[in-house]
Amino acid sequence: MKVTMRVNGTERSGNVEPRVLLVDYLRSNLALTGTHVGCDTSSCGACTVLLDGEPVKSCTLLAVQVEGREIKTVEGIAQGGALAPIQVGFHEEHGLQCGFCTPGMMLVGAALLERNPNPTDDEIRWAISGNICRCTGYVNIVKAVQHAAKLTSGKEAAAVAGGTE
Amino acid sequence: MVPAAFDYRAPSTLEEALSILKQRGDDAKVMAGGQSLIPLLKLRFSQPALVVDIGRLPGMADIKRENGHVRIGALARHVDAEQSKELAKLLPMMVEAVHWIADPLVRNRGTVAGSICHADPSGDWGSVMLALDAELVARSSSGERVIRADSFFQGPFTTTLRPDEIVTEIRIPLPSGRAGGSYHKLERKVGDFATVAVAVQVEFDGHKVKKAGIGLTAVGATNIKATQAEKALVGHELKDDVIAEAARLAAAAAEPKDDNRGTAAYKKDVVRVFVQRGLKAALARAQEVKA
């Protein structure tokens, strides 16, 4: 059946069987392979995408359920070739080793900062509790999100300062 | 993993959904958030000919207070319960319980009513609803009926809901007077199903218990309402001996099995300890609720 959704700001439509999972639609039909398949049982969060801005597990969502809605994948984070603050955070704080969980971690982190620009470490750990990392441990991931929070609030402060001049 | 093929309908009105179920209810599964059903489809434990996605039905996602009840619409998600100011004020035990369910991403999709209809005996909401004496409103094309939580669960993944029915809302009676509750859960790691969990809700008349609800998770073929333990509390002050006796009766009502989460004897003892802790917490937290 036909399904139409916005993916990273662009309208995409295609024909899929109802049983096709969103993660497979993104990876196979749209060639967006940044969204990973990890456990495939909605435990690990490697397949995290943002559905209307909220992190969800795309291995536990049918593509047809997303009809008319908005998806953001890791490919949609960077703006015009510039790394987003969350990406800079993971780069600067070594928030990854193998990188398999990283797309999901970054999307969860970015969604958290949208809602809560200055989270505590506990709030970050709570937000990423549906995402599993098997190599770095979580310390640097928490630091990476904090780094992004500082970058974002720094930019806002600069923008406010700029606006008053 | 890929589910077996199925037909898919996403009706835009409740009437349309009910008419589909009237014709094809026997080989259909109703899906709300899909967080329980999709894993079953992928594992092919469930292979329905038709999935009826009710996720687009309008006006069913509210959590609101009305006529002495809190009404939870069929499409209210776990995260909606988690963030509900009404629940935090009126039934804080529910907000405590929801923090234990799965993880934040699953809670962004999964629904309270869907989880209850899935009827996993390890599910957390079932015990909460038993402790709160909730009712489920079931609609079919021939009308509406109200099912009490304690006559809803029949066995693992089995309820008294008919194939042509949809649960449209959950109604929870508001406590009157001073009330408090708690949800204690033992899990091996964050987001896991319970090894054991216990929901407790107590209403007080002065220092004495007016009404008590105790629901047990993951210790039987369904979530269990510990009726004898509840009765042993009514009319008494929550002194240590009363609490100990109720905890003993609740443990006796549990029917756990040995598995990789623990032995049956261990789980029964966790029930006993959690009922004690739960009742003490309910007493300490009890506050006036203006219904």
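Quick caveat, the model's predicted, so the values are computed rather than measured. (Residues numbered from 1 in each chain as written. Chains lettered and ligands numbered in written order. Predicted model: local features only at pLDDT ≥ 70, side-chain atom pairs only at ≥ 80, totals over all residues.)

1. Digging into the overall build of chain B
The number of helices and strands found in chain B is 11 helices and 15 strands. For 291 residues, the compact-globule estimate of 2.2 N^0.38 gives 19 Å, and the C-alpha radius of gyration of chain B, at 19 Å, lies within 12% of that figure. If you line up chain B on its principal axes, its C-alpha atoms span 55 × 45 × 30 Å. Each of the 291 residues in chain B was classed as buried or not, and the buried ones make up 52%. (Helix = DSSP H or I, 4+ residues; strand = E, 2+ residues; numbered from the N terminus. Rg over C-alpha atoms; globule rule 2.2 N^0.38 Å. Buried ≥ 20, exposed ≤ 12 C-beta atoms within 10 Å, placed from the backbone.)

2. What to know about the overall build of chain A
What chain A contains, in helices and strands, is 5 helices and 5 strands. Along the chain direction, N to C, the helices and strands of chain A fall in the order β-β-α-β-β-β-α-α-α-α. At 16 Å, chain A has a C-alpha radius of gyration in line with the 15 Å of a compact globule built from 165 residues. For the C-alpha atoms alone, the extent of chain A along its principal axes is close to 55 × 40 × 25 Å. Partitioning the contacts of chain A with sequence separation of at least 6, the portion at a separation of at least 24 is 62%. (Contact = placed C-beta atoms within 7 Å.)

3. A word on unusual backbone geometry
All names here are of chain A. Look at asparagine 8: it is not a glycine, yet its phi comes out positive at around 50°. Tracing the chain through its elements places asparagine 8 in the loop between β1 (2-7) and β2 (10-15). In the Ramachandran plot, serine 42 falls in the positive-phi region, its phi being about 50° despite a non-glycine side chain. Within the secondary structure layout, serine 42 lies in the loop between α1 (22-29) and β3 (48-51). With 28 C-beta atoms packed within 10 Å, serine 42 lands in the buried category.

4. Description of the interface of chain A and chain B
Across the boundary between the two partners, chain A contributes 21 residues, which contact 22 residues of chain B. Looking at which element gives the most residues to the side of chain A that touches chain B, the answer is strand β4 (residues 54-57) of chain A, with 4 residues. Looking at the side of chain A that touches chain B residue by residue, the classes come out as 8 nonpolar, 8 polar and 5 charged. (Nonpolar A, V, L, I, M, F, W, Y, C, P; charged D, E, K, R; others polar.)

5. Observations regarding the domain arrangement of chain A
Residues and elements named next belong to chain A. As assigned here, chain A comprises domain 1 (2-76) and domain 2 (85-164). Of note, the centres of domain 1 and domain 2, computed from C-alpha atoms alone, are 22 Å apart. At the junction of the two partners, domain 1 supplies 15 residues and domain 2 supplies 12 residues. Breaking the side of domain 1 that touches domain 2 down by element, the ones donating at least two residues are β3 and β4. (Domains from an automatic or database assignment.)

6. A few points about the nonpolar core
Counting 139 residues, the largest nonpolar core has Ala63 of chain A together with Val128, Ala229, Ala246, Ala250, Val271 and Val275 of chain B as the members making the most contacts within it. At 8 residues, the largest contribution of residues to this core is made by helix α3 (residues 102-115) of chain A. (Core = buried A, V, L, I, M, F, W, Y, C linked by C-beta atoms within 7 Å.)

7. Concerning the sheet that holds strand β13 (residues 208-217) of chain B
All names here are of chain B. In space, the 5 strands of this open sheet follow the order β14-β13-β12-β11-β15, with antiparallel pairing throughout. Edge positions in the sheet fall to β14 (224-225) and β15 (287-289), since each of these pairs with one other strand and no more. On top of the sheet, helix α11 (residues 264-285) reaches β11 (177-186), β12 (196-205), β13 and β15; it is set at about 35° to β12, its chief contact. (Pairing = 2+ DSSP bridges. Axes fitted to C-alpha atoms, helices over the stretch in contact; angles between N-to-C directions.)

8. Thoughts on the domain arrangement of chain B
Under the domain assignment used here, chain B contains domain 1 (7-53), domain 2 (63-173) and domain 3 (177-282). Centre-to-centre separation of domain 1 of chain B and domain 3 of chain B, based on C-alpha positions: 34 Å.

9. A word on α1 of chain A
Owing to its 3.6 residues per turn, the α-helix brings residues three or four apart onto one side. Residue and element names in this part refer to chain A. Among all positions of α1, only Leu22, Val23, Tyr25 and Leu26 are buried. Angularly, the buried residues of α1 cover 165° about the axis, an arc narrow enough to put them on a single face. Remark: alanine 31 follows α1 within two positions and exhibits a positive phi of approximately 55°. (Arc of directions from axis to C-beta.)

10. A word on helix α10 (residues 240-253) of chain B
All names here are of chain B. Along its 14 residues, α10 runs 20 Å from first to last C-alpha, staying within 8% of the 20 Å computed at 1.5 Å per residue. Regarding α10, the residues found buried are Ile243, Ala246, Ala247, Leu249, Ala250, Ala251 and Ala253. Along its buried surface, α10 packs onto β13, β14, α9 (227-233) and α11. (Expected span 1.5 Å × (residues − 1).)

11. Section: the pairing of β11 of chain B
Residues and elements named next belong to chain B. Among the 10 residues that make up β11, 8 are buried, leaving the element largely enclosed by the rest of the structure. As judged from the 9 bridges shared by β11 and β12, these two strands associate in the antiparallel manner. Opposite arginine 178, over in β12, you have phenylalanine 204 as the bridge partner.

12. Observations concerning the environment of valine 74 of chain A
All names here are of chain A. Within the secondary structure layout, valine 74 lies in the loop between β5 (70-72) and α2 (85-92). The spacing of valine 74 and valine 49 is 25 residues in sequence and 7.5 Å in space, taken between C-alpha atoms. Excluding its chain neighbours within four sequence positions, the residues that come into contact with valine 74 are Gly34, Thr35, Pro103, Met106 and Leu107.

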